[in-house]
Amino acid sequence: MAVVLVKERYQSKVGEVVIGATSEQGGTRTSVVKVGGDGTLPFLHFEGKMENRPVIAMEVTDIVPAWNNIIKDQIGDVISNPAAWAKKCVEEFNADLIYLKLIGANPEGENRSAEQCTQVVKDVLAAVGVPVVVVGCDDPEKDNEVLAAIAEAASGENLLIGLAEQDNYKSLAAAAMVHKHNLIARSPLDINICKQLNILISEMGLPLNRIVIDPMIGGLGYGIEYAYSIMERARLGSLANDKMLSMPMICTVGYEANRAKEANVSIDEYPGWGEQEDRATLWETLTATALLQTGASILCMRNPAAVKLVRENIADLMEKDA
């Protein structure tokens, strides 16, 4: 008896967002990245088309971060130079984008000025040809000041900037509109807030094809199941033609995975857990690969060894016969 494969039919697809702009488009990037456009659940190639493969953005910070030595040793001395660090991420680790986090702007830390932060962004843009994601320090007032200045200084580059949240979205949405950048809309693992925030931003006039959702994921063993379910609901909503959930999703994999105790404690503390280097790499890898299966379009990662494994996984999953 012949086996008949039942295929789901979807009403719509995930919207597409283009990040970066070449010289012909008014920017200075040597390439652009297009994310989204999926007409099916992830990697079900027999049901629909995945227009664009998921991409990896490697995280770079403007000051030396307090990360574990497993990651810092792989990055090397360039970790104190954001531009050189970004260049290494592209040339050696094959990053598709750079995710530049301006933690030095934090008023409780180095409290760097908008001018200092803008110069870091300019340096990174000059060092690499790939598109750049720029996020602030998670202090809403300072982020509004810093990101507005960066959006103006990088006008034409078609950055992806953030983070716009329900109580702090107007200034960032305005900056993205005026200077023609894309915007990350972040919601705290809540599908209703996610949708409402997208409505509020779109009502200001920013087109839906310039919004990327950050659902605020959890890492492996630390809430990833709940994050998975929220992202799955968003993906199903987009395929059911809910335009306010139809944006590509960006996931801060490196941040969440490396908050876990399992990624940071040594084998001396927990001999039964195995070598920290393998454990830390796999913790970030498995967080990323799980989220790929529920629709992540952009994975923000830290560990170069994990990046290599996840890139291979994406290539395998994108094979139509996989």
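Quick note: structure is the one above.
Residues numbered from 1 in each chain as written. Predicted model: local features only at pLDDT ≥ 70, side-chain atom pairs only at ≥ 80, totals over all residues. Heavy atoms only, no water.

1. Section: the overall build of the protein chain
Within the protein chain, the secondary structure is distributed over ten helices and ten strands. Taking 322 residues into account, the globule formula puts the C-alpha radius of gyration at 20 Å, and the protein chain, at 19 Å, falls close to it. Projected onto the principal axes, the alpha-carbon positions of the protein chain cover approximately 70 × 55 × 35 Å. Buried residues in the protein chain amount to 55% of all 322 residues. Taking all contacts inside the protein chain whose residues are at least 6 apart in sequence as the whole, residues at least 24 apart take part in 69%. On the protein chain, roughly 14100 Å² of surface is accessible, and the fraction owed to carbon and sulfur atoms is 49%. (Helix = DSSP H or I, 4+ residues; strand = E, 2+ residues; numbered from the N terminus. Rg over C-alpha atoms; globule rule 2.2 N^0.38 Å. Buried < 20%, exposed > 50% of the residue type's maximum accessible area, 1.4 Å probe, protein only. Contact = heavy atoms within 4.5 Å. Areas by Shrake-Rupley, 256 points an atom, 1.4 Å probe, with all protein chains shown as cover.)

2. Re the packing of helix 7 (residues 224–239) against helix 9 (residues 276–292)
Two elements in contact, helix 7 and helix 9, have axes separated by 10 Å at closest approach and are oriented at 25°. What the angle tells us is that helix 7 and helix 9 run roughly parallel. Crossing of helix 7 over helix 9 shows right-handed handedness. Counting all contacts with helix 7, which are made through Ile 224, Tyr 228 and Met 231, the residues of helix 9 involved are Thr 287, Ala 290 and Leu 291. (Axes fitted to C-alpha atoms, helices over the stretch in contact; angles between N-to-C directions. Parallel < 35°, antiparallel > 145°, perpendicular 65-115°, else oblique. Left-handed = near helix turned anticlockwise from the far one by under 90°.)

3. Topic: the pairing of strand 5 (residues 132–135)
Of the two faces of strand 5, both are covered, the one formed by Val 132 and Val 134 as well as the one formed by Val 133 and Val 135. Relative to strand 5, strand 4 (residues 97–101) runs parallel, the two being bridged by four bridges. Note that in strand 5 the partner of Lys 101 across the bridge is Val 135. Here strand 5 runs beside strand 6 (residues 160–164); their pairing, made up of three bridges, is parallel. Opposite Val 133, over in strand 6, you have Leu 160 as the bridge partner. As a crossover connection, the stretch from strand 5 through helix 4 (residues 140–153) into strand 6 is right-handed. (Pairing = 2+ DSSP bridges. Right-handed = clockwise from strand over helix to strand, strands pointing away.)

4. Comments concerning the packing of aromatic side chains
Counting across every chain of the model gives two aromatic pairs. Ring plane angle 75° and centroid distance 5.6 Å describe the contact between Trp 67 and Trp 85, whose orientation is recorded as edge-to-face. Here the residue Trp 67 occupies a position in the loop between strand 3 (55–61) and helix 1 (69–75), and Trp 85 occupies one in helix 2 (residues 82–91), the gap between them amounting to 18 residues. Each member of the pair, Trp 67 as well as Trp 85, carries the same accessibility label: buried. Plain terms: the ring middles of Tyr 270 and Trp 273 are 4.2 Å apart, the flat faces sit at 15° to each other, and that makes the pair stacked. Residue Trp 273 is classed as partly exposed on the basis of its relative accessible area of 34%. (Phe/Tyr/Trp six-rings, centres within 6.5 Å; stacked < 30°, edge-to-face > 60°.)

5. Observations concerning the nonpolar core
Within the largest apolar cluster, 76 residues are counted, with the highest numbers of intra-cluster contacts made by Ile 98 and Ile 201. Not counting the four nearest positions on each side in its chain, Ile 98 is found in contact with Met 58, Val 60, Ala 86, Cys 89, Val 90, Val 124, Val 128, Val 130, Pro 131, Val 132 and Val 133. Among the nonpolar cores identified, the runner-up in size contains 17 residues, and Val 33, Ile 184, Ile 250 and Cys 300 belong to it. (Core = buried A, V, L, I, M, F, W, Y, C linked by side-chain atoms within 4.5 Å.)

6. What about the pattern of salt bridges?
Scanning all chains against the criterion turns up 13 salt bridges. Two residues, Asp 38 and Arg 235, come together in a salt bridge whose shortest N-O distance is 3.0 Å. A residue pair is termed long-range when its members are at least 10 positions apart, and Asp 38 in the loop between strand 2 (33–36) and strand 3 and Arg 235 in helix 7 qualify at 197 residues. With respect to burial, Asp 38 and Arg 235 carry one shared label: buried. We note a salt bridge from Arg 186 to Glu 165, for which the minimum N-O separation is 3.0 Å. Separated by 21 residues along the polypeptide, Arg 186 in strand 7 (residues 182–186) and Glu 165 in the loop between strand 6 and helix 5 (170–179) bring together distant segments of the chain. (Salt bridge = Lys/Arg side-chain N within 4 Å of Asp/Glu carboxyl O.)

Keep in mind that these numbers describe shape and distance, not what the molecule does.
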